[in-house]
Amino acid sequence: MIRPVAALLAPLLATLALTVTPPAGAMPERGTEHSSELAPSRVPTASRGAARISESDSFEVEITRVRPAVLPSKGRITLSGTITNATDEALTGLNVHPLSSYAPLTTTTEIAAAAAADPEITFGGQRLLDPGVLDNSIERLDAGSTATWQVRIPVEELEISGGEGVYVFGVQVLSDDADGGRDDIADGRSRTFVPKVLAGHKPTRTSVVVPVRSPVKRAADGQIEELTTWHTSLDDGGRLDNVLTLLREAEIPVTALVDPAVLTAVRQVAAGNPARDITPTLPDGDAGAEDGADDETDATAEPDGSSTGQGTVSAQSERADNWLTEMLDVLRVREVLSLPYGDLDVAAASHHLPSLIETATNRSAEVMDAFDLAGDSAVVPPDGLLPSSALAALGDTTVLLSTGAVPADGERTAAPPASVQLNGVDVLLHDDVTSGADPADPVNPVSVRQRILAEAAVRALEDGNDPLVVSLPALIDPGTSAGAMLRGLDVPFVRGVPLSALDQPDAPDVTAAEPDLTYTDDQAREELSAALFSALEDAITSGAVLDDLLPLNDTIGTQVLTDLLPEVSVHNRAEQVSGLARVRSTGAWVTSKLGLVEISAPSFVILSSESGPFSLTVRNGLDQPVAFAIRAETAREVAITAPQTIELDAQASRNLTLNARAANLGVHQVDLIATTVDGAPLGASDEINIRSNAVSKVIWVVLGVGVGILFIAITIRLVRRIRRRRGSVA
């Protein structure tokens, strides 16, 4: 009667505990701790390695192998793992006892709750005491030392109901106390899921998304910061190396979720981490060549073991190059989704700079193409959540969110749908199923695999047989046994498929019922700030200006954009102050380059007529040639004529003659501003005052009229004088 009650109470498991009691005679032995309790699910972290359950525990216990991965009808099941003495003294007489739940879990809700339940819960199972199934081979374990263990349990000796579903298997470790005595309280424990599914069920379509993501930080000159961390991550057993192993050894089709900024960063590491520079990317005289000739330039140049701007390529650089080569080979045979470049905080961008979403998406497409990789654009926030405003700004992009992003209604089944349509946008949904049954070791590779099998099993037992989408944590480290995470999923009730195979054109439309995604004010406050996006926009604009200034370099603007986009990554939410500092320092680097183009004009110029020439000096302090123009800003009474294009060689200066034309007498202030050929200001400027001695046409007309009147008056006077003389003579 208890199991039906558990099913009925499943929706309340987030707040209530449920005890599952086996039949009489199958009660756990005294001292095996709680019988069963289910607690609410929680999002797994990306850390790995077993943790100490509580301060009272003496051991950290990890399950590293379950063979076979599903419960057979006959034969035996083997659990293997490690034990670490977490105390500061040697412990003796270790016994590793296996145990399992009596009744199986049969719904996704129960599995989620079991995964988060108190580690001491045994789910109605009892510790097996038969010396033939326990491991008592560890007689002594020194402080901080680690030993391996293994238990083999014949199926017929398991005290289980035998029904189909998912059983919770585990081990408990007991040891002697300081006096050589022993109690019945376990000193360490670990657990996992083992499903049992008989033949004849329709297999669950299962899609696993494996992230290739990592924060990328650069100094003002474009060099990658925290280089040692990258070397460690790319080396054997490092996090990114383990992710590569996971993708390479997966026995089912999987989908790789790639931030192209990671690939670009690794190539830069492989090249010796060169700084950003403005050296030519176009042959002399070919400044008008088509854009995109080689967008990657220094940051992605293939290393050859020779000297670079930062020294000789090291062994770590060669390892980075090997990792990149192997990863590209794997990605070319896997389905790939590409994130907006730098793993953009799409939620924040949708509020502060929506145009950046398209910019980052396009940059990813360019880099993917440069690496000869095919992949659709995708948005997959690490927490699985987005505001509705962001969804509306994404356009034709694959969107993968957590089932928790869509508010549940009363009609939702135990297994949530794999996709829905929200406000006209198709959204794929993944379950938070990446943690195993052991809260102390949530992303243990074997534990994650067993959780995937468990979720697939309960779906296979359901009539609807809903698909299963698994999105692994963004910064997951699958460990040196990474291959085990997806090895063993080739079972009859699992059919691995790439994510694209789950595209459902008839996905339920929940717009009317739930127009808004689940996104709280607290989550909104975690987004990157408007100040960071404003500084980024200014720095990117300056980079484009520098690009226009350099006729032989057509990639520096793209390099600046590429270097800056990771600073508005979702991974930087917790360190926005340092991110803002890096953005501003990069902007200052660009501004310092623009500031090396100078103009110097005389402070005062006198025109002897309405127009006349004057001279000024232009200087190029850069080590590359430049092409720019000069714009004059003044009142309409003065017009300045300057060359449309001014070209200067590296470290060169030149005197220019400009022409000024003034319509009126007086002193006129003129601001001379250096700009790109297209008119964008470079930052250099000078002020000149021009005095015009020219007489306007109006004055000449007035003078002419006055002279004319004078001549007429003189004529009239002469005529009158002559008449008077003639009259007097008569």
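Note: the structure precedes this text.
Here's a quick rundown of the structure. (Residues numbered from 1 in each chain as written. Predicted model: local features only at pLDDT ≥ 70, side-chain atom pairs only at ≥ 80, totals over all residues. Heavy atoms only, no water.)

Structural notes on helix α16 (residues 576-594)
With 19 residues, α16 extends 27 Å from end C-alpha to end C-alpha; this agrees with the ideal 27 Å at 1.5 Å per step. Along α16, the positions that sit buried rather than exposed are G579, L580, R582, V583, T586, G587, W589, V590 and L594. Each element contacted by the buried residues of α16 is listed here: α14 (530-549), α15 (556-564), β20 (597-600) and β28 (681-692). (Helix = DSSP H or I, 4+ residues; strand = E, 2+ residues; numbered from the N terminus. Expected span 1.5 Å × (residues − 1). Buried < 20%, exposed > 50% of the residue type's maximum accessible area, 1.4 Å probe, protein only. Contact = heavy atoms within 4.5 Å.)

Describing the packing of helix α4 (residues 239-249) against helix α7 (residues 315-331)
In the contact formed by α4 and α7, the axes pass within 10 Å of each other and the chain directions differ by 25°. Here α4 is positioned roughly parallel relative to α7, judged by the angle of their axes. Considering how the two elements wind past one another, α4 and α7 form a crossing that is left-handed. Only R319, W323, E326, M327, V330 and L331 of α7 make contact with α4, whose side of the interface consists of L240, D241, L244, L247 and R248. In terms of residue class, the contact of α4 with α7 is made up of 7 nonpolar, no polar and 4 charged. (Axes fitted to C-alpha atoms, helices over the stretch in contact; angles between N-to-C directions. Parallel < 35°, antiparallel > 145°, perpendicular 65-115°, else oblique. Left-handed = near helix turned anticlockwise from the far one by under 90°. Nonpolar A, V, L, I, M, F, W, Y, C, P; charged D, E, K, R; others polar.)

Some words on the packing of α14 against α16
It is at 9 Å that the axes of α14 and α16 come closest, and there the two elements cross at 25°. Relative to α16, the element α14 is oriented roughly parallel. Taken as a pair, α14 and α16 cross one another with a handedness that is left-handed. Only G579, L580, V583, R584, G587, W589, V590, T591, K593 and L594 of α16 make contact with α14, whose side of the interface consists of A531, L532, A535, L536, A539, S542, G543, V545, L546 and L549. Among the residues forming the contact of α14 with α16, the class breakdown is 13 nonpolar, 5 polar and 2 charged.

Side note on the nonpolar core
Nonpolar side chains in soluble globular proteins tend to be buried together. Core analysis: the biggest nonpolar cluster contains 147 residues, and F193, L263, W323, L486, F614, F628 and I690 have the highest contact counts within it. When residues in this core are grouped by element, the largest group, 9 residues, is from α14. For L263, the residues in contact, after removing those within four places along its chain, are V258, W323, L324, M327, L328, L331, F371 and L373. L128, I138, A147 and A484 belong to the second-largest nonpolar core, a separate cluster that totals 28 residues. (Core = buried A, V, L, I, M, F, W, Y, C linked by side-chain atoms within 4.5 Å.)

A word on unusual backbone geometry
The residue after R67, namely P68, is reached through a cis peptide bond having omega -5°. With respect to the secondary-structure elements, P68 resides in the loop between β1 (59-67) and β2 (76-85). Its identity is not glycine, yet F123 carries a phi of approximately 55°, on the positive side. Relative accessible area serves as the criterion here: at 5%, F123 is assigned to the buried category. A positive phi is found at E226, a non-glycine position, where the angle reads about 55°.

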